[in-house]
Protein chains: 2
Amino acid sequence: MKVLVTYNMFRDGYSELIEKYDVTFPAEGQESFSYEEVLEMIPEYDVLQSMYNFPVTKELLDKGVNLKIVSNYAAGFENIDVDYATQKGIVITNTPDPVTEPTADMAMGLMLSVMRRIADCDRRLRTNELEWGLLDNLGYSLWGKTLGIYGMGRIGQALARRAKAAGMKIIYNNRRPVDPHIESLYDAKYVSFDELLAASDVISLNAPNTPQTHHIINKETISKMKPTATIINTARGPLINEKELADALRSRQIYGAGLDVFEGGHKVSEELLDLDNVVLTPHTGTQTYDVRNEMAAFVSRNIINFFEGGTVCRVN
Amino acid sequence: MKVLVTYNMFRDGYSELIEKYDVTFPAEGQESFSYEEVLEMIPEYDVLQSMYNFPVTKELLDKGVNLKIVSNYAAGFENIDVDYATQKGIVITNTPDPVTEPTADMAMGLMLSVMRRIADCDRRLRTNELEWGLLDNLGYSLWGKTLGIYGMGRIGQALARRAKAAGMKIIYNNRRPVDPHIESLYDAKYVSFDELLAASDVISLNAPNTPQTHHIINKETISKMKPTATIINTARGPLINEKELADALRSRQIYGAGLDVFEGGHKVSEELLDLDNVVLTPHTGTQTYDVRNEMAAFVSRNIINFFEGGTVCRVN
């Protein structure tokens, strides 16, 4: 079997795949194959191992006359024309598991950084702009506060586990209530979205980007939140109307926000950059050495199991 | 009863005390009474409610001829000559409880901020100094990592609860092993200090400052740590030889550090200020609105219960 890997990732996680199959990576010093390069090479490959942002188009799927499986390095698969792959009988796989706990850590880390003003203080301390008095740099405790989780999937639940251990009460909104057993694990209570807005001290977005979730945080929904509320987004940028959130943060209509994802992808709204009540990270929700290696092992396992039997994380 | 409060704190937490007794606060606009002012006023007071950094000296205790109790606004009481107060039959009380969970949150927040590079990325993102690539800004996952807690008291245990929920393994070193029931709550294992140094991915200091703990983190002990290790200090500055830690961070001998306390008190070593693998906060471990009000309620309760019966948190 011939496997084409589009990105020059560390090899640690690929060791089993490399042992079993004929695997092509970009040459040393080249970060990744371009779309054009892959288009030219794809006819002779059985497997494409694509990165999260590599476009797997109709054109590419048509050219891949020997293609049996596209193993995507991501929990999402927006980069792939899945419907067309399904029509052609090409299997698409993803890697949901390795990203769950690290993304929940990121949500928790942003929450603590906003509520306890960690990033803000670190920045001002380095430029000698802060006072150390008893009533300076005050943030909010987590203990006894209410966390509203919008989207109670794997990541929402992993966040609930952490927040409960920090003494928070958990409420959530989801397309439908989760299993009562899961609710009882976290003492989590299902509420309407309006109740979530009104009752939460912290709202964490953990839902996918769909027409229903698009701009779910906007001027109107922000107006229903507590003046001490904090918003955390480690899910998808378009869930928030970034301009309207920036206005609310600037006027101190709410307490703060922690954002790992942005409407403009790798472009953060200028309005956010000089605010001290927001913590901004460059989509690092899953950016750890551990995740990189675990995901490489996961895409490899999806490919090997597809050919040899075993669990394959299929999305079609 | 006449109560003298040295600091102009928000009144919310003091409402019951104010209702029951004759309470004197500094005048509006004055942050706190000076030592000299208190020395002059103290003879007519039954109660002194001191702040954590207000010196309660032999001289002051001698002048306080009607003094029955000093209710200190702090978990610590290094600001008070406790032995001399004991000789004179003056009761000293402290406020350990309200600080436990917020300090554990701070340790967790610093750990996440260092391991996931939150403060570092936030700072560089605002100045457009960072790349967003797949192998940029990589940190470390918490899941499966080993947290070594040095000092398994209330705060150490509250941190263990959080870290366990994030999938970490807990080892600890303490003057003596804690109750097996507590160990089993957190799957925590007692180890020697040398084992703690060698086996931990993160070491959190949660011990008091004593001759035994002074500079417990130094060049020699750092040399026994993993090259990927992170050190968190939310306890007391002198536990770390700050200069030797800065050297180790600069040469990347270890991965990072999160520091809320410093050897020089409110003065951070210059060597630390330009390092990107350290997160620095200005002793904000208990700096929340919630803690300020809870501690005011706590010092009030210590005073009221002393006179009317009930639990008093005495240190002598």
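These numbers come from a predicted model, not from an experiment.

Draft legend 1. A look at the overall build of chain A. Scanning chain A for helices and strands turns up 12 helices and 12 strands. At 22 Å, chain A has a C-alpha radius of gyration in line with the 20 Å of a compact globule built from 316 residues. With respect to the three principal axes, the spread of C-alpha positions in chain A is 65 × 50 × 30 Å. In chain A, which comprises 316 residues, the proportion classed as buried is 48%.

Draft legend 2. Summary view of the sheet that holds strand β4 (residues 69–71) of chain B. Residue and element names in this part refer to chain B. In space, the 5 strands of this open sheet follow the order β2-β1-β3-β4-β5, with parallel pairing throughout. Two strands bound the open sheet, and with one partner strand each, they are β2 (22–24) and β5 (91–93). When strand polarity is set aside, the average angle formed by the axes of neighbouring strands in this sheet is 15 degrees. Inspection of the sheet shows strand β3 (residues 47–49) paired to β4 by 2 bridges, in the parallel sense. Of the residues in β4, the one forming a bridge with L48 is V70. Strand contacts of helix α13 (residues 289–308): β1 (2–5), β3, β4 and β5, with the helix running at about 160 degrees to β4, the strand carrying the most contacts.

Draft legend 3. Local environment of the relation of the copies chain A and chain B. Superposing chain A onto chain B requires a rotation of 180 degrees together with a translation of 0.0 Å along the rotation axis, leaving an RMSD of 0.0 Å. Put plainly, the chains are arranged around a two-fold axis. No C-alpha of chain A lies nearer the rotation axis than that of A:A119, which sits 2.2 Å from it. Residue by residue, 100% of the interface of chain A is reproduced at the interface of chain B, so both copies engage with the same surface.

Draft legend 4. Examining the sheet that holds strand β8 (residues 188–190) of chain B more closely. Residue and element names in this part refer to chain B. Strand order in the open sheet made by the 7 strands is β8-β7-β6-β9-β10-β11-β12, with parallel pairing throughout. Edge positions in the sheet fall to β8 and β12 (278–280), since each has one partner strand and no second. Across the sheet, the axes of successive neighbouring strands diverge by a mean angle of 20 degrees, strand direction being ignored. By the bridge criterion, 5 bridges tie strand β6 (residues 146–150) to strand β7 (residues 169–173) in an arrangement that is parallel. Bridging across to β7, L147 finds its partner in I170.

Draft legend 5. Broad picture of the packing of helix α6 (residues 118–126) of chain A against helix α6 (residues 118–126) of chain B. Closest axis-to-axis distance for the α6(A)/α6(B) pair is 9 Å, and the angle between their directions is 60 degrees. Judged by the inter-axis angle, α6(A) sits oblique to α6(B). The interaxial crossing formed by α6(A) with α6(B) has right-handed handedness. Mapping the contact onto sequence places A:I118, A:A119, A:D122 and A:R123 in α6(A) and B:I118, B:A119, B:D122 and B:R123 in α6(B). Each residue belonging to the contact of α6(A) with α6(B) can be placed in one class, and the counts come to 4 nonpolar, no polar and 4 charged.

Draft legend 6. Layout of the interface of chain A and chain B. With 50 residues of chain A in contact, the opposing surface of chain B contributes 50 residues. Only α5 (97–115), α6, α7 (154–165), β12 (278–280) and α12 (289–308) of chain A provide two or more residues apiece to the side of chain A that touches chain B. Residue contributions to the side of chain A that touches chain B peak at 9 residues, all from α5(A). Class assignment for the residues of the side of chain A that touches chain B results in 27 nonpolar, 12 polar and 11 charged.

Draft legend 7. Representation of unusual backbone geometry within the structure. Residues and elements named next belong to chain A. Of note in this structure, H215 is not a glycine but carries a positive phi near 50 degrees. With respect to the helices and strands, the residue H215 is situated in the loop between β9 (202–205) and α10 (219–222). In this structure, H283 is a non-glycine residue whose phi angle is positive, near 50 degrees. Residue classification places H283 among the partly exposed residues on the basis of 18 C-beta atoms within 10 Å.

Draft legend 8. Seen up close, the pairing of strand β9 (residues 202–205) of chain B. Residue and element names in this part refer to chain B. Across 4 bridges, the pairing between β6 and β9 is parallel. Residue pairing in the sheet places L147 in a bridge with V202 of β9. Looking at chain direction, β9 and strand β10 (residues 230–233) are connected through 4 bridges and run parallel. Along β10, the bridge assignment pairs V202 with T230.

Draft legend 9. A look at the domain arrangement of chain A. What the domain assignment lists for chain A is domain 1 (2–94 + 288–308) and domain 2 (100–280). Look at where the C-alpha atoms of domain 1 of chain A and domain 2 of chain A centre, and you get two points 34 Å apart.

Draft legend 10. The arrangement of α7(A) in detail. Residue and element names in this part refer to chain A. Taking 1.5 Å of rise per residue, the 12 residues of α7 would be expected to cover 16 Å, and the 17 Å separating its terminal C-alpha atoms lies within 8% of that figure. The buried fraction of α7 is high, at 9 of 12 residues. Among all positions of α7, only I155, G156, Q157, A158, L159, A160, R162, A163 and A165 are buried. A positive backbone phi angle near 85 degrees is found at G167, which sits one or two residues after α7.

Draft legend 11. Geometry of the environment of B:L142. Tracing the backbone through its elements, the reader meets B:L142 in the loop between α6 and β6. Separated by 69 residues in the primary sequence, B:L142 and B:P211 place their C-alpha atoms 32 Å from one another. Not counting residues up to four positions away in its chain, the partners in contact with B:L142 are A:D105, B:M115, B:A166, B:G167 and B:M168.

Draft legend 12. Examining α12(A) more closely. With 20 residues, α12(A) extends 28 Å from end C-alpha to end C-alpha; this agrees with the ideal 28 Å at 1.5 Å per step. Two residues or fewer after α12(A) comes A:G309, characterised by a positive phi angle close to 100 degrees.

Draft legend 13. Spatial organisation of the nonpolar core. Formed by 122 residues in total, the largest nonpolar core has its most connected members in A:M111, A:L159, A:I170, B:M111, B:L159 and B:I170. Other than its neighbours up to four places away in sequence, A:M111 contacts A:V202, A:T230, A:I232 and A:G258.

Draft legend 14. Structural context of the confidence of the model for chain A. Model confidence for chain A is summarised by a mean pLDDT of 96, while 100% of its residues fall at 70 or above. This complex was scored by the predictor with a pTM of 0.89 and an ipTM of 0.88.

Draft legend 15. Layout of the environment of A:R154. Residue placement: A:R154 occurs in helix α7. Not counting chain neighbours up to four residues away, the residues in contact with A:R154 comprise A:P96 and A:T100.

Draft legend 16. Layout of the packing of α7(A) against helix α7 (residues 154–165) of chain B. Put simply, α7(A) and α7(B) touch, their axes get as near as 8 Å, and they point 175 degrees apart. By the angle between their axes, α7(A) is roughly antiparallel relative to α7(B). Of α7(B), the residues touching α7(A) (which contributes A:R161, A:R162 and A:A165) are B:R161, B:R162 and B:A165. Class assignment of the residues belonging to the contact of α7(A) with α7(B) gives a composition of 2 nonpolar, no polar and 4 charged.

Rules and cut-offs
- Residues numbered from 1 in each chain as written.
- Chains lettered and ligands numbered in written order.
- Predicted model: local features only at pLDDT ≥ 70, side-chain atom pairs only at ≥ 80, totals over all residues.
- Helix = DSSP H or I, 4+ residues; strand = E, 2+ residues; numbered from the N terminus.
- Rg over C-alpha atoms; globule rule 2.2 N^0.38 Å.
- Buried ≥ 20, exposed ≤ 12 C-beta atoms within 10 Å, placed from the backbone.
- Pairing = 2+ DSSP bridges.
- Axes fitted to C-alpha atoms, helices over the stretch in contact; angles between N-to-C directions.
- Contact = placed C-beta atoms within 7 Å.
- Least-squares fit on C-alpha atoms with pLDDT ≥ 70 in both.
- Parallel < 35°, antiparallel > 145°, perpendicular 65-115°, else oblique.
- Left-handed = near helix turned anticlockwise from the far one by under 90°.
- Nonpolar A, V, L, I, M, F, W, Y, C, P; charged D, E, K, R; others polar.
- Domains from an automatic or database assignment.
- Expected span 1.5 Å × (residues − 1).
- Core = buried A, V, L, I, M, F, W, Y, C linked by C-beta atoms within 7 Å.
- pLDDT = per-residue confidence, 0-100.

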